[in-house]
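# Descriptive analysis of the structure
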Amino acid sequence: MISEIPDDVSEIKHIVDVVVVKNPQTDLAPLVRTESRVFLLYCTRKEAKDILKHAQQLGLTRKTFVWIAAQAVIGSSLDAPEDFPVGMLGVHFKTGKRP
């Protein structure tokens, strides 16, 4: 379902929020009580494995949630670690000069 954006954008209180995760076990817990369903993951692959492991334990990787990962999370491997949720989207940019 697509919602219309109100003409008066001052009605929109909070569109994007940032959560800096230093300890996934405690820092992700507040997300369970929010209406957030889309998460942008910008970190290293190692950090992502730990974050997503704890997110799964909190129920934040069910099919009602979307995780979008930056290129550093994806890396060069096409094999996803078991801690990555099925359906996670990865953004990979082609770097370098175009011919």
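Below is a summary of the structure that appears in this document. Predicted model only: the values in this text are computed from it and were never measured.

A few words on a nonpolar patch on the surface. Where nonpolar side chains cluster on the molecular surface, the patch consists of Val38, Leu40, Val66 and Leu89 and spans about 380 Å² of accessible area. As for its position among the elements, Val38 is in strand β1 (residues 38-41).

Moving on to the packing of aromatic side chains. Considering all chains together, one arrives at two aromatic pairs under this definition. Taking the centre distance of 6.0 Å and the plane angle of 20° together, the rings of Phe39 and Phe65 count as stacked. Separated by 26 residues along the polypeptide, Phe39 in strand β1 and Phe65 in the loop between α2 (45-57) and β2 (66-69) bring together distant segments of the chain. Assigned by exposure class, Phe39 and Phe65 land together as buried. Ring-pair connections join several aromatic residues into one group, and the members of that group are Phe39, Phe65 and Trp67.

Ranked by internal contacts, the top residues of the largest apolar core, which has 16 residues, are Leu41, Leu60, Trp67, Val73 and Met88. Tallying contributions element by element places α2 first for this core, with four residues. Once residues lying within four places of it in the same chain are set aside, the contact partners of Val73 are Leu41, Cys43, Thr44, Arg45, Ala48, Phe84 and Met88.

Bringing the sheet that holds strand β3 (residues 89-90) into the picture now. A sheet is described by the order of its strands in space; here three strands give the open sequence β1-β2-β3, paired in parallel fashion. Since the sheet does not close on itself, it has two edges, and those belong to β1 and β3, each with one partner. Sheet topology note: the β1/β2 ladder contains four bridges and is parallel. Paired with Leu41 across the two strands is Ala69, which belongs to β2.

Criteria and cut-off values
Residues numbered from 1 in each chain as written. Predicted model: local features only at pLDDT ≥ 70, side-chain atom pairs only at ≥ 80, totals over all residues. Heavy atoms only, no water. Patch = residues over 30% accessible without salt bridge, like charges linked within 9 Å, V, L, I, M, F, W, Y side chains within 5 Å. Areas by Shrake-Rupley, 256 points an atom, 1.4 Å probe, with all protein chains shown as cover. Salt bridge = Lys/Arg side-chain N within 4 Å of Asp/Glu carboxyl O. Helix = DSSP H or I, 4+ residues; strand = E, 2+ residues; numbered from the N terminus. Phe/Tyr/Trp six-rings, centres within 6.5 Å; stacked < 30°, edge-to-face > 60°. Buried < 20%, exposed > 50% of the residue type's maximum accessible area, 1.4 Å probe, protein only. Core = buried A, V, L, I, M, F, W, Y, C linked by side-chain atoms within 4.5 Å. Contact = heavy atoms within 4.5 Å. Pairing = 2+ DSSP bridges.

The values are spatial; any link to function lies outside them.
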